[in-house]
Amino acid sequence: MRKGLALLVILLVVSVAGCIGTSNSTGTTTPSPTMTSSSSGYITVTDALGRTVKVPRNVTRVVAVGPGALRIIVYLNATSDVVGIEEFEKKYPFGRPYILAHPELLKLPVIGPGGPGKLPDMEAIIKVHPQVIFMSFVSKSEADEVQKKTGIPVVVLSYGTLKNFTDPVFFKSLLLAGKILGKEKRAEEVIKFIEEQQSYLENLTKGLKSPSVYIGGIGFKGAHGITSTFTDYAPFTVLNLDNVASNLTSTNYGWVQVDKEWLLKVNPDYIFIDEGGLKIILDDYKSNPDFYNSLKAVKEGHVYGVLPYNFYNTNIGIAIADAYYIGKVIYPERFKNIDPVEKANEIFTFLVGKPVYNELAKEFGGFGKINLASGNVTYGLPTNP
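Here the structure is a predicted model, which is why all the values come from computation and not from measurement.

Analysis parameters
- Position numbers for residues start from 1 in each chain and track the written sequence from start to end.
- Confidence filtering applies because this is a predicted model: local features only for residues at pLDDT of at least 70, side-chain atom pairs given and counted only at 80 or more, and all residues used for totals across whole chains, interfaces and linings.
- Where side-chain values are given, they derive from all heavy atoms of the structure, hydrogens and water being excluded.
- In this description, strands pair whenever DSSP reports at least two bridges between them.
- For helices the rule is a DSSP run of H or I covering at least 4 residues; for strands it is a run of E covering at least 2, with both sets numbered from the N terminus onward.
- Only C-alpha atoms enter the line fits that serve as axes; for helices the fit covers just the stretch in contact. Angles between N-to-C directions range over 0 to 180 degrees.
- When describing relative orientation, an angle under 35 degrees is termed roughly parallel and one over 145 degrees roughly antiparallel, while 65 to 115 degrees is termed roughly perpendicular and anything else oblique.
- If you view the pair so one helix is near and one far, a crossing is left-handed when the near helix is turned anticlockwise from the far one by less than a right angle, and right-handed when it is turned clockwise.
- The contact criterion used throughout is that any non-hydrogen atoms of two residues lie within 4.5 Å.
- Put simply, buried Ala, Val, Leu, Ile, Met, Phe, Trp, Tyr and Cys residues joined by side-chain atoms within 4.5 Å make one nonpolar core.
- Three labels apply to residues, based on accessible area from a 1.4 Å probe with only protein chains included: buried if under 20% of the type maximum, exposed if over 50%, partly exposed otherwise in between.
- Here is the rule: rings of Phe, Tyr and Trp (six-membered ring for Trp) pair when centre to centre is within 6.5 Å. Planes less than 30 degrees apart are stacked, more than 60 are edge-to-face, and the remainder are tilted.

Chemist: Can you explain the sheet that holds strand S11 (residues 270-274)? Please cite residues and give values.
Modeler: Here we have five strands laid out as an open sheet, ordered S9-S7-S11-S12-S13, and mixed in their pairing. Strands with a single pairing partner mark the edges of an open sheet, and in this sheet they are strand S9 (242-243) and strand S13 (368-369). With four bridges connecting them, S11 and strand S12 (residues 303-306) associate as parallel partners. Looking across to S12, one finds that Ile271 is bridged to Val303.

So this is what it looks like as structure tokens:
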């Protein structure tokens, strides 16, 4: 009898072990997350750092830690599962459509300071009893440390490099979080929506001769002025535009600080200003108007404002909306049937559930031509922290 019982136990162990392993990405535009199931109440996943993590099957309580983590959860229509947020989200509740659309999140308990490079408050997280902690912009050792100290599974997500809107690393994180949260279908819908937007914009501008363009005021771990730009600014890439900064070398995900002398030398035809840094640029103009007035785009009135690209990681929805507005500016005939404001609200409604363009425009200025000389700014200008 004992021998028979032992044999039964061995068979059970072997059968369970056979369900645990890893699976590879499909290699398609929308790769499947690496994940296997077990016969218990858990599944085993591989996160963005290649960490193997065991998470519960039916997750209904989560927290999101680090730049952009909460945005992914909102895109998946899983806000009701969030049980705590970072202090950063409460302190700076502007510039991010996912917070503007879901102010109820601001009422949740604080789980840590938030912000780049800051770990959560372990005790505060334990108190809200999440089943999974989603994190971004952390090292393997940091993720392991949080998991060890809280006893709660930590799954790391990533936006990838986002040289365009359809980064496979970002998509894989969407699918992974979607699987854990029971939102697989929604994750697939979000991916399809983003792919369709990019394809439409690429086809609309394919083969056109582009003027030279530049984006200044890009936020990166804080607000910056006119010299802050991106070598791979996704809206320019998708629209097939001649980004004068594209040949520069960056060690920070495409972000660079250029010299004003360089900007005068390349002298782009169009300058777009990320309004997360507009206040800084307007202040700088007052101190150094000669520099700005020497630029071709300023002389010819080709300076335009777009909504903040980076605000606690990249605002994917805003980036797509900005691309429609930029396209309208550069190629008005090709975009004649497109209202950028209506398109922005369509994008925000799909991704975060509400048409929040007007709120963003009130905060930052919205789509429009900027006259640096007049400084005719009648709206509030919070800076990207």
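Chemist: An account of the packing of helix H14 (residues 316-330) against helix H15 (residues 340-352) is needed here, citing residue identities and associated values.
Modeler: Contact pair H14 / H15: the axes reach a minimum separation of 9 Å and the direction vectors enclose 165°. One way to sum up the angle between H14 and H15 is to call them roughly antiparallel. For the element pair H14 and H15, the recorded crossing hand is right-handed. From H14, Gly317, Ile318, Ile320, Ala321, Tyr324, Tyr325 and Lys328 reach across to H15, where they touch Pro340, Lys343, Ala344, Ile347, Phe348 and Leu351.

Chemist: Explain the nonpolar core to me, using residue names and the numbers behind them.
Modeler: Residues Leu70, Phe134, Val155, Phe272 and Phe348 are the most contacted members of the largest nonpolar core, which totals 89 residues. At 11 residues, the largest contribution of residues to this core is made by H14. When neighbours within four sequence positions are excluded, Phe134 is seen to be in contact with Val62, Val63, Ala64, Val65, Ala69, Ile73, Val155, Leu157, Ala177, Ile180 and Leu181. One finds Tyr285, Phe291, Leu295 and Val298 within the second-largest nonpolar core, a separate group that totals 22 residues.

Chemist: If you had to explain the packing of aromatic side chains to someone new, which residues and values would you point to?
Modeler: Under the definition given, this model contains 23 aromatic pairs. Summarising the aromatic geometry, the rings of Phe230 and Tyr309 are spaced 5.6 Å apart at their centres and angled 75° between planes, so their arrangement reads as edge-to-face. Here Phe230 is found in strand S8 (residues 228-230), whereas its partner Tyr309 is found in the loop between S12 and H14, with 79 residues between them in sequence. Taken as a pair, Phe230 and Tyr309 share a single burial class, namely buried. When the centroid spacing of 4.9 Å and the interplanar angle of 70° are considered together, the rings of Phe291 and Tyr292 count as edge-to-face. Classification of Phe291 by relative accessible area gives buried; the value is 6%. A residue is classified by how much of its surface remains accessible, and Tyr292, at 1% relative accessible area, is buried. One aromatic cluster in this structure is built from Phe230, Tyr233, Phe236, Tyr270, Phe272, Tyr304, Tyr309, Tyr325, Tyr357 and Phe367.

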